[in-house]
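# Analysis of the macromolecular model
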Amino acid sequence: MRRYLARQLVQLVVVVFGISLLAFGILHVLGDPVLLLLPQNAGEAEFERYRHLLGLDRPLYVQYWKFVSGAVRGDFGKSWYADTPAFKLVLERMPPTIYLTLAGLLVALLISLPLGILAALKRHSWIDTLCTGLAVAGQATPLFWLGIMLIIVFAVRLKLLPASGYGTWQNFLLPAFCLGATLAPITMRLVRSGVIEVMNMEFIKTARAKGLAEPAVVVKHAFRNACIPVITVLGLQFGQLLGGAIITETVFAWPGVATLTVDSIRNQDFPVVQCAVILLALLIVGVNLLVDLVVGVIDPRIRAGT
Amino acid sequence: MTATSTPTKVELAELGPPRADASETGHATRWRLLRLRWGLAASAILVLIVASAVFAPLISPGDPLAVNIRHRLAPPAWMEGGAPQHLLGTDQVGRDLLSRIIYGGRVSLVVGAGSVLIAATIGVLLGLGAGYFGGRTDWTIMTLINVMLTFPFVLLALSVIAVLGPSLPNMILVLGVAGWPIYARVIRAETMAIREREFVLAGRALGMSHARIVFRQIAPNLVSVIVVIATLQVAQVIIFESFLSFLGLGIQPPTPAWGNMLGEGRVYMLNSWWIATFPGLAIFLTTLVINLMGNALRDWLDPHLKL
């Protein structure tokens, strides 16, 4: 277990380093911050003065070092737009994003677990066909369009739920459903194939042979083993889920990190964009590590195997 | 749903309650046939969509850019107040929605095809390299893949577009460069398996160069895998492109693209639902048929592939 943990940690450090390079590189190598910051007719002298002021005339590795050593201490520079530390701005917007992501995950599980198990147990029946059809349709639905359609139906026509906003549980319903509905198809397919695979294994035969009732076989023996691939993939999908949360936030004007990031991109406020990108990536890396550890604890084969 | 594993599954299932009957194999075959038939139907629709985008000037009922303020926000033809010359209604400046959707398909398909080509090229090369050489090369490329997969695709695309500025070539480039890890991961695993086969060893024994073994001996075995992933990825890319355009960071108005039409329609959704609804339906239909086609291709070419 200790070696497994060590390997995961090394991997984590390398990935975090790569992410910092990427976040730094996008702004400093692909673009020129000064060109984005100053009006185009500012004149060469003014450009030079600003380059010097921001330390952009120094070699790239020096700039990168300055960026990383600041970032480690939570100093991502001041927002170019709001004159507040970028770190503080982003941190303030983190909770709504995390709540939305968790709510979306919950919805996805509520949809995909029962349907996936049902489809697996009634394989090739009309229920299975219906579930698969729903999954295929769900995967083809653009998240932001689904969101707008939900708003048109439930907020504009039926006037049942708020179209946007944050604070009460009613505000959660539409965004969480929207986000959950996009994660549900892939999860449902995994649950289905996992349960099918497990139901054909020897220990299920044993459980039946010793006279266990069918529900007990399904819940206690099959489902628990089918969980392992589901947890792994949910962990890997967490990045996609967060990406989905970004899209959902922009549709429902959710006051999370994503709306902040998109606004900052529009305002060309790069310290905030960099900070948001790195913190979100750290969140994903952390969750992935957690999932690896949980799976390692549930399934000893994985620790030993790789 | 491998052909070889099905019989054992039937044997095991028969020992259970009578629920699993002997016609399981028949069911599975019929199911696969059904999926193939769906795939064929989907390809036919896709051909129609592609043709309508290519021949847009010939079949579109009007000019997608022609503004007509007097007919602004006209509902679809079958609704009260709709005009027969605007089948799907008009937008906020009176442009014909149907024409704009037909022309908008051009952007989606060009971006989809272009960026998938870029992503597949990078991904396949890196995947082959990692899988064939192993060791340090593999470690480096896998780390790169992990970094890319950790970064939410949307966030990466957004921040690069923010720096480079929104335009059609930039969008193709960004979505292409951001999309390669999925190819690399699958190709790497497949290459590792093929590398151990006898014909590769025989090639080495005959004194073939690494490049020749990789491109002439290994790569041809991977064509079906690549085709399946690329097909499914076109659908993903189309959705991402439309999201970027929806946010106003992609194709810029007045050029019609499904995404920016949706974005403009959002403003008017209180009274004019059709502006946001129909472009979205176009995205949905296109990605649906591409996914169905990809699934059928996978069943047909490579049933063992798990994607």
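Here the structure is a predicted model, which means the values were calculated and not measured.

## Regarding the overall build of chain A
Counting secondary structure elements, chain A contains 13 helices and zero strands. The linear arrangement of helices and strands in chain A, starting from the amino end, is α-α-α-α-α-α-α-α-α-α-α-α-α. Taken over 306 residues, chain A has a buried fraction of 37%. Restricting to contacts in chain A with at least 6 residues of sequence separation, those with at least 24 account for 71%.

## Notes on the overall build of chain B
The helix and strand tally for chain B stands at 13 helices and zero strands. Listing every helix and strand of chain B by position from the N terminus yields α-α-α-α-α-α-α-α-α-α-α-α-α. Taken over 307 residues, chain B has a buried fraction of 44%. Counting contacts in chain B only where the partners sit at least 6 residues apart, residues at least 24 apart contribute 68% of the total.

## A closer look at helix 13 (residues 273-301) of chain B
Its 29 residues give helix 13 of chain B an end-to-end C-alpha distance of 42 Å, which sits within 8% of 42 Å, the value for a rise of 1.5 Å per residue. For helix 13 of chain B, a buried count of 22 out of 29 residues is recorded, marking the element as mostly surrounded by other parts of the structure.

## A look at the packing of helix 12 (residues 258-267) of chain B against helix 13 of chain B
Residues and elements named next belong to chain B. Packing of helix 12 against helix 13 leaves a shortest axis separation of 7 Å and a crossing angle of 155 degrees. The angle between helix 12 and helix 13 falls in the class roughly antiparallel. For the element pair helix 12 and helix 13, the recorded crossing hand is left-handed. Here helix 12 contributes Trp258, Met261, Leu262, Glu264, Gly265 and Arg266 to the contact with helix 13, which in turn contributes Ile275, Ala276, Pro279, Gly280, Ala282 and Ile283. A class-by-class count of the residues in the contact of helix 12 with helix 13 yields eight nonpolar, two polar and two charged.

## Some details on the nonpolar core
Counting 161 residues, the largest nonpolar core has A:Val90, A:Ala276, B:Ala157 and B:Tyr183 as its most contacted members. Once you skip the residues sitting within four places of it in the chain, B:Ala157 turns out to touch B:Val174, B:Leu175, B:Ala178, B:Phe240 and B:Leu244.

## A word on unusual backbone geometry
B:Pro253 connects to B:Pro254 through a cis peptide bond whose omega is 10 degrees. With respect to the element layout, B:Pro254 can be found in the loop between helix 11 (223-246) and helix 12.

## A word on helix 7 (residues 143-157) of chain A
Residues and elements named next belong to chain A. End to end, helix 7 covers 20 Å across 15 residues, agreeing with the expected 21 Å (1.5 Å per residue, within 8%). If you look at helix 7, its biggest bend is around 25 degrees, right at Ile151. Listed as buried for helix 7 are Leu143, Phe144, Trp145, Leu146, Gly147, Ile148, Leu150 and Ile151. Two residues or fewer past helix 7, Lys159 is found with a positive phi of approximately 55 degrees.

## Some details on the interface of chain A and chain B
With 42 residues of chain A in contact, the opposing surface of chain B contributes 45 residues. Put simply, the parts of the chain that give the side of chain A that touches chain B at least two residues each are helix 1 (2-30), helix 6 (126-140), helix 7, helix 9 (202-209), helix 10 (214-252), helix 11 (257-266) and helix 12 (270-298) of chain A. The element best represented in the side of chain A that touches chain B is helix 1 of chain A, accounting for eight residues.

## Some words on the confidence of the model for chain A
Of the residues in chain A, 95% reach a pLDDT of 70 or more, and the chain-wide mean stands at 82. Per-element confidence in chain A is highest for helix 5 (residues 86-121) of chain A, whose mean pLDDT is 89, and lowest for helix 13 (residues 300-305) of chain A, whose mean pLDDT is 60.

## Looking at the packing of helix 5 of chain A against helix 12 of chain A
Residue and element names in this part refer to chain A. Between helix 5 and helix 12, the shortest axis-to-axis distance is 9 Å and the interhelical angle comes to 50 degrees. Considering the angle they form, helix 5 stands oblique to helix 12. Crossing geometry of helix 5 relative to helix 12 is assigned as right-handed. Where helix 5 abuts helix 12, its residues Ala86, Phe87, Leu89 and Val90 lie against Pro271, Val272, Cys275, Ala276 and Leu279.

## Comments concerning the environment of B:Thr255
Residues and elements named next belong to chain B. Relative to the helices and strands, Thr255 is located in the loop between helix 11 and helix 12. Judged by the 17 C-beta atoms lying within 10 Å of it, Thr255 falls in the partly exposed class. Separated by 148 residues in the primary sequence, Thr255 and Val107 have C-alpha atoms spaced 9.0 Å apart.

## What about the environment of A:Arg224?
Following the sequence through the fold, A:Arg224 ends up in helix 10. Spatially, the C-alpha atoms of A:Arg224 and A:Ile298 are 9.6 Å apart, while their sequence positions differ by 74 residues.

## A closer look at the confidence of the model for chain B
Residue and element names in this part refer to chain B. When the pLDDT values of chain B are averaged, the result is 83; 89% of them are 70 or greater. In the model of chain B, helix 1 (residues 6-14) stands out as the element of lowest mean pLDDT, 39, in contrast to helix 4 (residues 97-133), which has the highest, 93. For residues 1-22, every residue scores under 50 in pLDDT, and the model assigns this stretch 21 contacts once sequence neighbours within four places are set aside. Across the interfaces of the predicted complex, the ipTM metric reaches 0.80, alongside a pTM of 0.83.

## Focus on the environment of A:Leu190
Residues and elements named next belong to chain A. Inspection of the secondary structure assignment puts Leu190 in helix 8 (residues 169-199). Measuring from C-alpha to C-alpha, the distance between Leu190 and Leu234 comes to 9.8 Å, with 44 residues separating the pair along the chain. Among residues more than four places away in sequence, those in contact with Leu190 are Pro229, Val230 and Val233.

Conventions and cut-offs
- Residues numbered from 1 in each chain as written.
- Chains lettered and ligands numbered in written order.
- Predicted model: local features only at pLDDT ≥ 70, side-chain atom pairs only at ≥ 80, totals over all residues.
- Helix = DSSP H or I, 4+ residues; strand = E, 2+ residues; numbered from the N terminus.
- Buried ≥ 20, exposed ≤ 12 C-beta atoms within 10 Å, placed from the backbone.
- Contact = placed C-beta atoms within 7 Å.
- Expected span 1.5 Å × (residues − 1).
- Axes fitted to C-alpha atoms, helices over the stretch in contact; angles between N-to-C directions.
- Parallel < 35°, antiparallel > 145°, perpendicular 65-115°, else oblique.
- Left-handed = near helix turned anticlockwise from the far one by under 90°.
- Nonpolar A, V, L, I, M, F, W, Y, C, P; charged D, E, K, R; others polar.
- Core = buried A, V, L, I, M, F, W, Y, C linked by C-beta atoms within 7 Å.
- Bend = angle between axes of the 7 residues up to and from the residue.
- pLDDT = per-residue confidence, 0-100.

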